[in-house]
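Single-letter residue listing:
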Protein chains: 2
Amino acid sequence: MEIGFVGLGIMGRPMALNLLKQGHAVSVWARRPASMEPLVAAGATAAASAAELAQRCELVISMVGDAPDVEAVALGAQGVAEGAVAADRSDLVYADMSTIAPTAAREIAARLVERGVTMLDAPVSGGEVGAIAGSLTVMVGGPQNAFDLARPAFECMGKTVTRIGESGAGQVAKACNQILTGAGIAIVAEALLFARAAGVDPERVREALLGGFAYSRILENHGERMLARNFKPGFKTWMHQKDLRIVLEEANRMALALPASAATSQLLNAAVGSGMGEDDSISLLRLLEQMAGRT
Amino acid sequence: MEIGFVGLGIMGRPMALNLLKQGHAVSVWARRPASMEPLVAAGATAAASAAELAQRCELVISMVGDAPDVEAVALGAQGVAEGAVAADRSDLVYADMSTIAPTAAREIAARLVERGVTMLDAPVSGGEVGAIAGSLTVMVGGPQNAFDLARPAFECMGKTVTRIGESGAGQVAKACNQILTGAGIAIVAEALLFARAAGVDPERVREALLGGFAYSRILENHGERMLARNFKPGFKTWMHQKDLRIVLEEANRMALALPASAATSQLLNAAVGSGMGEDDSISLLRLLEQMAGRT
């Protein structure tokens, strides 16, 4: 399949490389031309714009930052819609794999449909490690036939590929994932700090609790890194802050009270404010320690 | 081993029965004589007081309510200390398996040492199902030699028996467990409600997320019961409310900020206030639904 790929950063680059490795013809475009070089070296074709990709590919994928970036790629000058309209196409599938608000994804999808482009929202979890290994979890919202077309591409990048529902449903699932991982980190950090402050070895507590209902992959994986005081990302605090902001904006819009998510969001704000934005979001442990004067 | 058992409620009764099944000689005492009947029918000896148990057993175990109940059993009239002093013993081990504040457990242990009784705090997790199956997690604080003596008894009741550290350490581990399970229920409830409010099938979201870092036993087990709307206990909301109160009282005493635990505690307060105290603590989902007018 001829696939266009926009956004070749920490996540996008290994994802596009995995498409090449599985034998797909990949054309790439990135705002910074230097980002395209490693892909071209691996066999990709450089394009001059997202519009060019939309003119000649069956599937265009983007992996960029936040909603305004997706909107620019999809609907902006020299963007996907412009290219599809110029080529008079009505069969193009555009899959955005960035993490943005479900509402924004639905709005962009609706505007693309008017221009003959079918959009999938297909955010991922699993981080840079999962992107390199091709073991991401891909959560997809959008029409079934577009999903069927894009699925082989998603399966080059992810181990678990699930169509959750209609447009926006992938972003909703990703938001739920970020609630569970972000708040999961907060509560593991609170428990480990509680143990240490009470004079008990947090490692012994963690080991005992891994065997029961307190078990989570966050306690196992992130808890171990907290105890090793390894705050290297992984997944950066400012990115988790962004994702919880999205959750709470949507909750505000829907008039939902999510108190534990809200507490987590405040902690992520404070962690970024305390200079931990570029560290892993397990930095919530250090933040809580600082708040209690127990560094 | 001759074991005394005090407190034969939902948890204590099956725990004492498991001691009998493994061939221990068990004597029992309970405030309500009727509670002793099923144990006597199974081969236990009824005693007239906790003091009587302390006079003739190697190990006395209690499974009662909160700190005042433990204090009454340990230090009150006709209690463990009184019996041990009357019999001029200095080798008695007393293991309290109730969930109480670590500070309270340490204070009671210190007062018992003055009377020649060595106390272990040995709270459990796993609920009534684990108590019946003998598959509880037992988290123990106290001296190593007392732990060595009591361990065979604990292993009749629990699958995972861990000495966490010195006096109070078992209760600290249990408090951490209750943070992770209580707040874990809150965040799973928030995520599932978020999905439903956003028009997405929460079951599809849960399935997709079980494969990644969002995995927790709470998402798997309690999440399934939330979706089935099965709010039967399990573990009652008022008991989880009590346990988070303990966490936050200790946090206050240690001057620790635990924002996600605090949010969870408030939700548990509201759930009990809304008449859900006798239901399972997964009732937090129903509470959040009510708060959002989405029942």
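The rules behind the values
- Residues numbered from 1 in each chain as written.
- Chains lettered and ligands numbered in written order.
- Predicted model: local features only at pLDDT ≥ 70, side-chain atom pairs only at ≥ 80, totals over all residues.
- Heavy atoms only, no water.
- Contact = heavy atoms within 4.5 Å.
- Buried area = accessible area lost by both parts, 1.4 Å probe.
- Salt bridge = Lys/Arg side-chain N within 4 Å of Asp/Glu carboxyl O.
- Polar contact = N/O pair within 3.5 Å; in protein donor to acceptor, adjacent residues only side chain to side chain.
- Helix = DSSP H or I, 4+ residues; strand = E, 2+ residues; numbered from the N terminus.
- Expected span 1.5 Å × (residues − 1).
- Bend = angle between axes of the 7 residues up to and from the residue.
- Buried < 20%, exposed > 50% of the residue type's maximum accessible area, 1.4 Å probe, protein only.
- Least-squares fit on C-alpha atoms with pLDDT ≥ 70 in both.
- Phe/Tyr/Trp six-rings, centres within 6.5 Å; stacked < 30°, edge-to-face > 60°.
- Lys NZ or Arg CZ within 6 Å of the ring centre and 35° of its normal.
- Pairing = 2+ DSSP bridges.
- Axes fitted to C-alpha atoms, helices over the stretch in contact; angles between N-to-C directions.
- Parallel < 35°, antiparallel > 145°, perpendicular 65-115°, else oblique.
- Left-handed = near helix turned anticlockwise from the far one by under 90°.
- Nonpolar A, V, L, I, M, F, W, Y, C, P; charged D, E, K, R; others polar.

1. Focus on the interface of chain B and chain A
Taken together, the contacts link 61 residues of chain B with 61 residues of chain A. When chain B packs against chain A, close to 5,400 Å² is buried across both sides, 74% of that on carbon and sulfur atoms. A per-residue breakdown of the area chain B buries against chain A is headed by Leu180, Phe194 and Phe213 of chain B, which together make up 16% of the total. For the pair chain B and chain A, the number of links is 0 salt bridges. Where chain B touches chain A, the interface holds 12 residue pairs in polar contact (both at pLDDT 80 or more). If you tally residues by element for the side of chain B that touches chain A, the top one is helix H9 (residues 169-197) of chain B, at 20 residues.

2. As for helix H8 (residues 144-157) of chain B
Side chains of residues three or four places apart in an α-helix project in the same direction, reflecting 3.6 residues per turn. All names here are of chain B. Between its first and last C-alpha atoms H8 spans 19 Å; for 14 residues at 1.5 Å apiece the expected length is 20 Å, and the two agree. The largest bend in H8 amounts to roughly 50° and is located at arginine 151, with the proline proline 152 lying one to four residues further along. Every buried residue of H8 is listed here: Ala146, Phe147, Ala150, Ala153, Phe154, Cys156 and Met157.

3. Concerning the environment of aspartate 243 of chain A
All names here are of chain A. When you line up the elements, aspartate 243 lands in helix H12 (residues 237-254). By relative accessible area, aspartate 243 is classed as buried at 4%. Aspartate 243 sits 228 residues away from methionine 15 along the chain, and the two C-alpha atoms are 21 Å apart. Contact partners of aspartate 243, with chain neighbours within four places excluded, come to Thr99, Gln178 and Phe235. In terms of polar contacts, aspartate 243 uses its side chain to reach the side chain of glutamine 178, at 2.8 Å.

4. Let's talk about the relation of the copies chain B and chain A
It takes a turn of 180° to lay chain B on chain A, together with a shift of 0.0 Å along the axis; the resulting RMSD is 0.1 Å. Taken together, the rotation and translation describe the operation of a two-fold axis. Of the C-alpha atoms belonging to chain B, the one lying closest to the rotation axis is found on serine 216 of chain B, 1.9 Å away. When the interface residues of chain B are mapped onto chain A, 100% of them again lie at the interface, so the same face is used by both copies.

5. Considering the side chain of glutamine 171 of chain A
All names here are of chain A. Locating glutamine 171 in the fold gives a position in helix H9 (residues 169-197). The class of glutamine 171 is buried, set by a relative accessible area of 1%. In terms of polar contacts, glutamine 171 uses its side chain to reach the backbone amide nitrogen of isoleucine 100, at 3.1 Å. Other than its neighbours up to four places away in sequence, glutamine 171 contacts Asp96, Ser98, Thr99, Ile100, Ala101, Pro102, Ala105, Asp121 and Pro123.

6. Looking at the packing of aromatic side chains
If you walk through the whole model with that rule in mind, you get 1 aromatic pair over all chains. Between tyrosine 215 of chain A and tyrosine 215 of chain B, the aromatic rings sit 6.0 Å apart at their centres with planes inclined by 55°, giving tilted as the arrangement. Taken together, the residues tyrosine 215 of chain A in the loop between helix H10 (202-209) and helix H11 (217-227) and tyrosine 215 of chain B in the loop between helix H10 (202-209) and helix H11 (217-227) connect one chain to another. Residues tyrosine 215 of chain A and tyrosine 215 of chain B agree in their burial class; the two are buried. When the ring centre of phenylalanine 213 of chain B is taken as reference, the NZ or CZ atom of arginine 217 of chain A above it lies at 4.2 Å. The residue whose ring lies beneath arginine 286 of chain B is phenylalanine 231 of chain B, and the NZ or CZ to ring-centre distance is 4.4 Å.

7. So, the pattern of salt bridges
Inspection of every chain in the model, using the stated rule, returns 36 salt bridges over all chains. Between glutamate 250 of chain A and arginine 253 of chain A there is a salt bridge, and its shortest N-O distance comes to 3.4 Å. Of the two residues, glutamate 250 of chain A and arginine 253 of chain A are both situated in helix H12; the distance of 3 residues between them amounts to about one turn of the helix. Judged by relative accessible area, which is 48%, arginine 253 of chain A ranks as partly exposed. Between arginine 31 of chain B and aspartate 69 of chain B there is a salt bridge, and its shortest N-O distance comes to 3.8 Å. You can see arginine 31 of chain B sitting in the loop between strand S2 (25-29) and helix H2 (37-41) and its partner aspartate 69 of chain B sitting in helix H4 (residues 67-75), a full 38 residues away along the chain. Look at the salt bridges and you will find they share partners, linking Glu2, Glu52 and Arg56 of chain A into a network.

8. Details of helix H14 (residues 284-291) of chain A
Three or more residues of H14 of chain A are buried, namely Leu284, Leu285, Leu287, Leu288 and Glu289 of chain A. After H14 of chain A finishes, the residue glycine 293 of chain A shows a positive phi value of roughly 65°.

9. Details of the pairing of strand S8 (residues 136-141) of chain A
Residue and element names in this part refer to chain A. Among the 6 residues that make up S8, 6 are buried, leaving the element largely enclosed by the rest of the structure. Side chains Leu136, Val138 and Val140 project from S8 onto one buried face, and the interleaved Thr137, Met139 and Gly141 project onto a second face that is buried too. As paired strands, strand S7 (residues 124-125) and S8 are joined by 2 bridges and run antiparallel to one another. Paired with valine 124 across the bridge in S8 is valine 138. Summarising the sheet, S8 and strand S9 (residues 158-165) pair through 6 bridges and their orientation is parallel. Directly across from glycine 141, in S9, lies its bridge partner glycine 165.

10. Quick word on the packing of helix H13 (residues 259-276) of chain A against helix H13 (residues 259-276) of chain B
Packed helix pairs are specified by the crossing angle of their axes together with the interaxial distance, meaning the distance between the axes. For the pair H13 of chain A and H13 of chain B, the least separation of the axes is 8 Å and the interaxial angle reads 160°. Viewed along their axes, H13 of chain A and H13 of chain B adopt a mutual orientation that is roughly antiparallel. The two elements H13 of chain A and H13 of chain B cross, and the hand of that crossing is right-handed. Each of Pro259, Ala260, Ala263 and Leu267 of chain A in H13 of chain A lies in contact with H13 of chain B, whose residues at this interface are Pro259, Ala260, Ala263 and Leu267 of chain B. Class assignment for the residues of the contact of H13 of chain A with H13 of chain B results in 8 nonpolar, no polar and no charged.

11. Structural notes on the side chain of arginine 225 of chain A
Residue and element names in this part refer to chain A. Here arginine 225 shows up in helix H11. Given a relative accessible area of 19%, arginine 225 falls into the buried group. One polar contact links arginine 225 to aspartate 280, side chain to side chain, over a distance of 3.3 Å. In this structure, arginine 225 is in contact with Asn230, Lys232, Asp280 and Ile282, ignoring residues within four places of it in sequence.

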